[in-house]
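# Analysis of the macromolecular model
Residues per chain are reported as follows:
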Amino acid sequence: SAVISQKPSRDICQRGTSLTIQCQVDSQVTMMFWYRQQPGQSLTLIATANQGSEATYESGFVIDKFPISRPNLTFSTLTVSNMSPEDSSIYLCSAGTGGNTIYFGEGSWLTVV
Amino acid sequence: ILNVEQSPQSLHVQEGDSTNFTCSFPSSNFYALHWYRWETAKSPEALFVMTLNGDEKKKGRISATLNTKEGYSYLYIKGSQPEDSATYLCAFSGGSNYKLTFGKGTLLTVNP
């Protein structure tokens, strides 16, 4: 299994600013991902965080808006840039250890005002 | 665009009732179907990962079935307890096990 810690757990941000969310896994993992859940919507995959290289983004998400780092096998960051109220969401980090189960962090609840 | 549908959207039951939810997903290019239990301010908790048509899995009072040919899975809770109150999410992965497409979830409230 994997225990995933995220911070901040919650934040209120001004529009136009940027926020970086950190994700720490308690063991080395094969894959790390970032998801978001906008109000009333499904959890949606933003990107796969690749260790030592650029993240792979899903359709509708771009690096300039959501830059991602993954410097090693246990840590990743997601930045939400130039925030607007539409970015108010729960952002979740997830990881796969090579088995079938995908583990999730507790989420970072972001409100943009 | 992959479509994962869950029903009902929400459900209120009395303590001791048994209940079930449905998840429908694309029947082509299937790899796995995941069920999660998500309480507010906690991590989504993995309940089951199901990969084979006809699979049935059980964890305590919770069980799940899978039909990959028709593209649906059922989650059953026997003798619901207030601590079962949560949002139950299903997620489909096709081709790659790690990229999940989620439904919107079923919000279960169990009244004491």
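See above for the structure.
Residues numbered from 1 in each chain as written. Chains lettered and ligands numbered in written order. Predicted model: local features only at pLDDT ≥ 70, side-chain atom pairs only at ≥ 80, totals over all residues. Heavy atoms only, no water.

## Brief notes about the pattern of salt bridges
- Enumeration according to the criterion identifies seven salt bridges over all chains in this entry.
- Among the salt bridges present, the one from K65(A) reaches D87(A), with a minimum N-O distance of 2.6 Å. Placement of K65(A) in the loop between β6 (56–57) and β7 (68–69) and of D87(A) in the loop between β8 (75–80) and β9 (89–96) is noted, with a sequence separation of 22 residues between them.
- Judged by relative accessible area, D87(A) falls into the buried class, the value being 5%.
- Measuring nitrogen to oxygen at the nearest pair gives 3.7 Å for the salt bridge that ties K42(B) to E39(B).
- Of the residues examined, K42(B) reaches a relative accessible area of 43% and is grouped as partly exposed.
- The structure contains a network of salt bridges with shared partners spanning R37(B), E39(B), K42(B), E45(B) and K59(B). (Salt bridge = Lys/Arg side-chain N within 4 Å of Asp/Glu carboxyl O. Helix = DSSP H or I, 4+ residues; strand = E, 2+ residues; numbered from the N terminus. Buried < 20%, exposed > 50% of the residue type's maximum accessible area, 1.4 Å probe, protein only.)

## Looking at the interface of chain B and chain A
- Each partner contributes residues to the interface: chain B has 20 residues there, and chain A has 23 residues.
- Buried area between chain B and chain A, summed over both chains or domains, comes out near 1,800 Å², and the portion from carbon and sulfur atoms is 60%.
- When the buried surface of chain B facing chain A is broken down by residue, W38(B), Y98(B) and F102(B) rank first, second and third, together holding 35% of it.
- The interface formed by chain B and chain A includes one salt bridge.
- We note a salt bridge from K99(B) to E58(A), for which the minimum N-O separation is 3.0 Å.
- Where chain B packs against chain A, one counts seven residue pairs in polar contact (both at pLDDT 80 or more).
- The set of elements that each furnish at least two residues to the side of chain B that touches chain A consists of β4 (32–38) and β5 (45–50) of chain B.
- It is β4(B) that provides the largest number of residues to the side of chain B that touches chain A, a total of three residues. (Contact = heavy atoms within 4.5 Å. Buried area = accessible area lost by both parts, 1.4 Å probe. Polar contact = N/O pair within 3.5 Å; in protein donor to acceptor, adjacent residues only side chain to side chain.)

## Concerning the packing of aromatic side chains
- Within this structure, the stated rule accounts for twelve aromatic pairs over all chains.
- Aromatic pair Y35(A) and F104(A): ring centres 5.5 Å apart, planes at 55°, arrangement tilted. Taken together, the residues Y35(A) in strand β4 (residues 31–37) and F104(A) in strand β10 (residues 102–104) connect sequence positions 69 residues apart. No difference in accessibility class separates Y35(A) from F104(A), as the two residues are buried.
- Summarising the aromatic geometry, the rings of F104(A) and F102(B) are spaced 5.9 Å apart at their centres and angled 75° between planes, so their arrangement reads as edge-to-face. Here F104(A) is found in strand β10, whereas its partner F102(B) is found in strand β10 (residues 101–102) on a different chain. (Phe/Tyr/Trp six-rings, centres within 6.5 Å; stacked < 30°, edge-to-face > 60°.)

## Quick word on the state of the cysteines
- For the coordinates displayed, the defined rule picks out two disulfides over all chains.
- The disulfide partner of C23(B) is C90(B), and the S-S distance across this bridge is 1.9 Å. Classification of the bridge connecting C23(B) and C90(B) rests on its S-S torsion, roughly 75°, and on that basis the disulfide is right-handed. Within this pair, whereas C23(B) is found in strand β3 (residues 19–24), its partner C90(B) is found in strand β9 (residues 86–93), the two being separated by 67 residues in sequence.
- Since its relative accessible area comes to 0%, C23(B) is described here as buried.
- C13(A) takes part in no disulfide bond, and the closest cysteine sulfur to it belongs to C23(A), at a distance of 18 Å. (Disulfide = S-S within 2.5 Å.)

Any functional reading would require information beyond the geometric quantities listed.
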